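Commentary on secondary and tertiary structure
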Amino acid sequence: MYIHFYIYLLSIIICIRGERQPPKVGIVGAGIGGASAGFFLSREMPGAKITVFEMGQIGGRLATVEVDGRRYESGGSIIHGANRYMVEYLDICGLKRKETPPDEPFTLHKDGEVVFQEWGYPMVDKVRMIWRYGVTSLLKLDNFVTNLLSNFGTIYSKLNEGLGFSSVADLLDAMSPVSRKGERSGEMMDLTRVSLKDKLASLGLPSLLIDELVTVATRVNYGQMPGGLHAFVGAV
């Protein structure tokens, strides 16, 4: 999200200094952020000499590993449709959106035992899930994620209007809900100071739900446990 701001800032600096030589730009890190910054800089400033420094593999979390002659994704498994820039990258990179496969019954394993298994009957399985985790807890979890994604999406209109942010804190503050008095709540920044596990527990979600359903989501998407990543990342 910060890429366009840094490109704009760099362009202003170049214009003010009146440099006529192509600018030299160094980018540290060749993950999706660094690679994207290099790509957009090359489009906005043709002729710029751009060097990307990376001590590991290019791609960061967008990584693959080879196992027995076949390549497998080892990084992020999904891209949420609310992440507008990532969706737009599909067209930029000439990629096609993979169709979501039909829902299939899933099984939860814990400590070597099956703790929950769907039977393949949607209505029945929903009732069984409500029975195990509680309807109130499931609604609280859904409400938390839905509200966060709604606030997250407000940043795109601001960026389209040309607003820029000098720090991550300012960016997160711009996403935070506004009170009736017009004051920013600072909620998004607060979510980076607490683990996802602790945040959900503070909302009254039972440990069973966090240890099972939430853990599955964070392990699949981030390779981490709910107690090991902050609530903003974990919810998005």
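Residues numbered from 1 in each chain as written. Predicted model: local features only at pLDDT ≥ 70, side-chain atom pairs only at ≥ 80, totals over all residues. Heavy atoms only, no water.

Along the chain, Val236 falls in the segment after helix 11 (231-235). Placed 156 residues apart in sequence, Val236 and His80 show a C-alpha to C-alpha distance of 8.1 Å. Aside from chain neighbours lying at most four places away, what touches Val236 is Leu148, Leu149, Phe152 and Tyr222. (Helix = DSSP H or I, 4+ residues; strand = E, 2+ residues; numbered from the N terminus. Contact = heavy atoms within 4.5 Å.)

Let us look at helix 4 (residues 122-133). Along its 12 residues, helix 4 runs 16 Å from first to last C-alpha, staying within 8% of the 16 Å computed at 1.5 Å per residue. Where helix 4 is buried, its residues touch strand 5 (107-110), strand 6 (113-117), helix 5 (135-153) and helix 10 (207-222). Downstream of helix 4 by a residue or two, Gly134 has a phi angle that is positive, lying close to 95°. (Expected span 1.5 Å × (residues − 1).)

Moving on: the layout of surface pockets. Where empty space is left can be seen by rolling a probe of water-molecule size over the atoms. What the second largest pocket holds in volume is close to 170 Å³. Along the walls of the second largest pocket sit Thr107, Leu108, His109, Lys110, Val115, Asp211, Glu212, Thr215, Val216, Arg219 and Met225, which together make up its complete lining. Secondary structure elements with two or more residues in the lining of the second largest pocket: strand 5 and helix 10. Per-element tally for the lining of the second largest pocket: the top contributor is helix 10, with five residues. Of the residues assigned to the lining of the second largest pocket, the class counts are four nonpolar, three polar and four charged. (1 Å grid on protein atoms, 1.4 Å probe; cavity = no way out; pocket = protein on both sides within 12 Å on 5 of 7 lines; lining within 4 Å. Points joined across faces, edges and corners; volume = space filled by probe spheres on them. Nonpolar A, V, L, I, M, F, W, Y, C, P; charged D, E, K, R; others polar.)

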